[in-house]
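Each chain, written out:
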Amino acid sequence: MSIFSKEEIARFRDETKGTQYVIHLNNAGAALSPDPVVRAQMDYLEREAEIGGYEVNREKKEELDRLYMIAASWLNCNSGNIAYTDSATTGWLRAIYAIPFQSGDSILTSEIEYATNYLSYLHLSRQIGVQIRTIHSDQYGRVDLNHLEDQLDESTRLVAITHVPTNSGIINPVEEIGNMLKGRDTWYLIDACQSAGQVPLDVQKLNCDFLSVTGRKYLRGPRSSGLLYASDRALSESTPLTIDLHSAEWTDAEDYEIHSDAQRFEQWEQNLSGKTGLAQAIDYYLNAGSKTVFNTLVHHAKLLRNQLQQMEGVSVYDAGGEQGGIVTFDPNVDPVQLKEQLSQHAFNVSVSPLSSTLLDMKRRGYKDLIRASVHYYNTEEEILRFAEILEELIRNQR
Ligand SMILES: Cc1ncc(COP(=O)(O)O)c(C=O)c1O
């Protein structure tokens with residue numbers, strides 16, 4: 001398993017301004033962007049100030065369109081399968097509301113679903129009468145494949161799975177699920193918000209209909225940027241719930257045509273500086289090497305989990321198995337106060353509230369957790385220093 005050397009990490013840090021000021025363990029919130037990502041956005045904004053927003057849009061058309069090409073080469077699809085969105089939520093909602101549900105259909109989902117996703121199932125249940133069925137978790141908290149297979153039946157219209165949850169290192173077996181669904185007409189939607197830029201992704205292997213991504217997290221891209229992958233089947237057999245003059249063409253007083261490619265899931269007004277920044281972020285990620293990125297952040301997360309496991313009274317939320325870079329724990333002292341104290345020492349972490357993954361947190365008897373999400377550009381020294389200060393702060397709070 002190859003990981004980045006200290007020299008390579010030092011180079012990544014040289015290209016990441018924020019590493020001079022903070023010890024950033026909030027990569028599952030919003031990662032620090034590397035300089036080229038920041039520069040692309042600044043250049044775009046400066047040009048807007050110089051010649052006007054519509055004018056620079058025309059001038060930089062090629063650069064803007066590059067996002068579709070680079071995203072397609074990353075996810076292994078065609079550029080026509082990619083829609084640019086302003087967040088993972090927007091992409092995900094466009095996808096789920098495009099699926100042709102009927103009363104009595106069921107949605108199969110995991111116990112670690114993100115709040116927004118589950119709220120949408122509840123909303124669809126109230127509006128259309130779909131049934132929600134949650135798949136049991138295995139001993140590591142991942143989707144139990146046997147239970148999923150048992151639950152699949154004629155009523156299953158959608159299997160919707162969060163690849164990596166908002167608040168733990170769990171990596172759901174999304175490829176195995178995609179294989180299980182081959183030959184069925186069940187829709188398959190993957191929330192890759194927390195895995196994109198962390199875990200290598202290939203939509204052909206995943207065999208999914210839709211996959212949603214955010215820019216600001218592990219991809220290290222701009223805020224308010226995201227992507228939706230829509231498969232060929234999704235493009236031909238689903239219909240966007242809402243359309244505008246960008247996703248569709250008004251052809252006659254009584255007629256319109258919805259674009260045949262993934263533009264049908266976009267809207268006219270877009271964060272265009274963000275589009276150039278997101279293209280740079282994907283470029284940067286691919287140049288770094290997706291496998292080494294993953295191996296390095298897993299290595300860092302393991303180091304942190306080992307440190308936490310040795311701390312008295314601290315309970316690590318992850319239950320084992322293959323784990324990514326999101327490390328959460330119950331410090332057994334007030335997490336909000338602890339987060340504030342950590343920030344006074346320049347450590348950025350976040351608090352994951354009970355409501356973010358209500359089903360799993362309740363099931364396991366947790367309330368709010370501290371989330372320390374590591375990336376490949378963190379150093380071992382930062383993690384050890386974090387553990388040292390954390391232990392001291394927890395001791396002082398008791
Ligand atoms: C698993 C998961 N899905 C979706 C989202 C929403 O992402 P966005 O804020 O880009 O809409 C989040 C945000 O934290 C998340 O953790």
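Quick caveat: nothing in here was measured; it's all calculated off a predicted structure.

Enquirer: Help me get a handle on the domain arrangement of the protein, residues and values and all.
Expert: Segmenting the protein into domains produces domain 1 (6–30 + 288–397) and domain 2 (37–287). A straight line from the C-alpha centre of domain 1 to that of domain 2 covers 26 Å. Opposite the 33 residues of domain 1 that make contact, domain 2 presents 29 residues. Elements with a contribution of two residues or more to the side of domain 1 that touches domain 2: α12 (290–309), β12 (326–330), α14 (358–363) and β15 (369–373). Sort the elements by how many residues they give to the side of domain 1 that touches domain 2 and α12 lands first, with six residues. Across the side of domain 1 that touches domain 2, the residue classes break down as 14 nonpolar, 13 polar and six charged.

Enquirer: Account for the pairing of strand β6 (residues 187–191), naming residues and giving values.
Expert: The buried fraction of β6 is high, at five of five residues. Alignment of strand β5 (residues 156–162) against β6, held across five bridges, turns out to be parallel. Counterpart to I161 in the pairing with β6 is I190. Note on the crossover from β5 through helix α8 (residues 174–180) to β6: the handedness is right-handed. Sheet analysis places β6 next to strand β7 (residues 210–214), joined by three bridges and oriented parallel. Looking across to β7, one finds that I190 is bridged to L211.

Enquirer: Got a sec to walk through the site of the ligand? Specific residues and values, please.
Expert: By nearness alone, every residue bordering the ligand is listed as S87, A88, T89, Y114, T162, P165, T166, D191, C193, Q194, T214 and G226. Its residues placed into classes, the shell around the ligand shows four nonpolar, seven polar and one charged.

Enquirer: Can you break down the sheet that holds strand β4 (residues 131–134) residue by residue, with the values?
Expert: Strand order in the open sheet formed by seven strands is β2-β8-β7-β6-β5-β3-β4, with mixed pairing between adjacent strands. Bordering the open sheet on either side are β2 (82–85) and β4, each of which pairs with just one other strand. Direction aside, the axes of adjacent strands within the sheet are offset by 20° on average. Against the sheet, helix α6 (residues 115–128) touches β3 (106–109), β4, β5 and β6, its axis set at about 145° to β4.

Enquirer: Tell me about unusual backbone geometry, and name the residues and values.
Expert: The phi dihedral of R220 is positive, around 70°, even though this residue is not glycine. Tracing the sequence through the fold places R220 in the loop between β7 and β8 (226–230). Among the residues examined, R220 registers 29 C-beta atoms within 10 Å and is labelled buried. Positive phi, normally seen in glycine, also occurs at S224, with a value near 55°. One can find S224 in the loop between β7 and β8.

Enquirer: Quick rundown of the sheet that holds β12? Include the residues and the values.
Expert: If you walk across this open sheet you meet the four strands as β11-β12-β15-β14, and the pairing is antiparallel. Among the strands making up the open sheet, the edge pair consists of β11 (315–316) and β14 (350–352). Of the pairings in the sheet, the one linking β11 to β12 comprises two bridges and is antiparallel in character. Residue pairing for β12: S315 is matched across the bridge by D330. Contacting β11, β12 and β15, α12 runs over the sheet at an angle of about 10° to β12.

Enquirer: Give me the lowdown on the packing of helix α2 (residues 35–51) against helix α11 (residues 272–288), citing residues and values where you can.
Expert: Where α2 meets α11, the closest approach of the two axes is 8 Å, and the angle between their N-to-C directions is 155°. Considering their axes alone, α2 and α11 lie roughly antiparallel with respect to each other. With respect to the hand of their crossing, α2 and α11 are arranged in right-handed fashion. Contact with α2, carried on its side by P36, V37, A40, Q41, Y44 and L45, involves L272, S273, G274, T276, G277, Q280, A281 and Y284 of α11 and no other residues of that element. Its residues assigned to classes, the contact of α2 with α11 comprises eight nonpolar, six polar and no charged.

Enquirer: Please give an account of the environment of Y229 that cites residues and values.
Expert: When you line up the elements, Y229 lands in strand β8. Accessibility expressed as a C-beta count within 10 Å gives 28 for Y229, which makes it buried. Sequence separation between Y229 and Y84 is 145 residues, and the spatial gap between their C-alpha atoms is 9.0 Å. If near-sequence neighbours (up to four positions away) are discounted, Y229 is found in contact with L75, C77, N81, I82, V203, F210 and L211.

Thresholds applied
- Residues numbered from 1 in each chain as written.
- Predicted model: local features only at pLDDT ≥ 70, side-chain atom pairs only at ≥ 80, totals over all residues.
- Domains from an automatic or database assignment.
- Contact = placed C-beta atoms within 7 Å.
- Helix = DSSP H or I, 4+ residues; strand = E, 2+ residues; numbered from the N terminus.
- Nonpolar A, V, L, I, M, F, W, Y, C, P; charged D, E, K, R; others polar.
- Buried ≥ 20, exposed ≤ 12 C-beta atoms within 10 Å, placed from the backbone.
- Pairing = 2+ DSSP bridges.
- Right-handed = clockwise from strand over helix to strand, strands pointing away.
- Near = placed C-beta within 6 Å.
- Axes fitted to C-alpha atoms, helices over the stretch in contact; angles between N-to-C directions.
- Parallel < 35°, antiparallel > 145°, perpendicular 65-115°, else oblique.
- Left-handed = near helix turned anticlockwise from the far one by under 90°.

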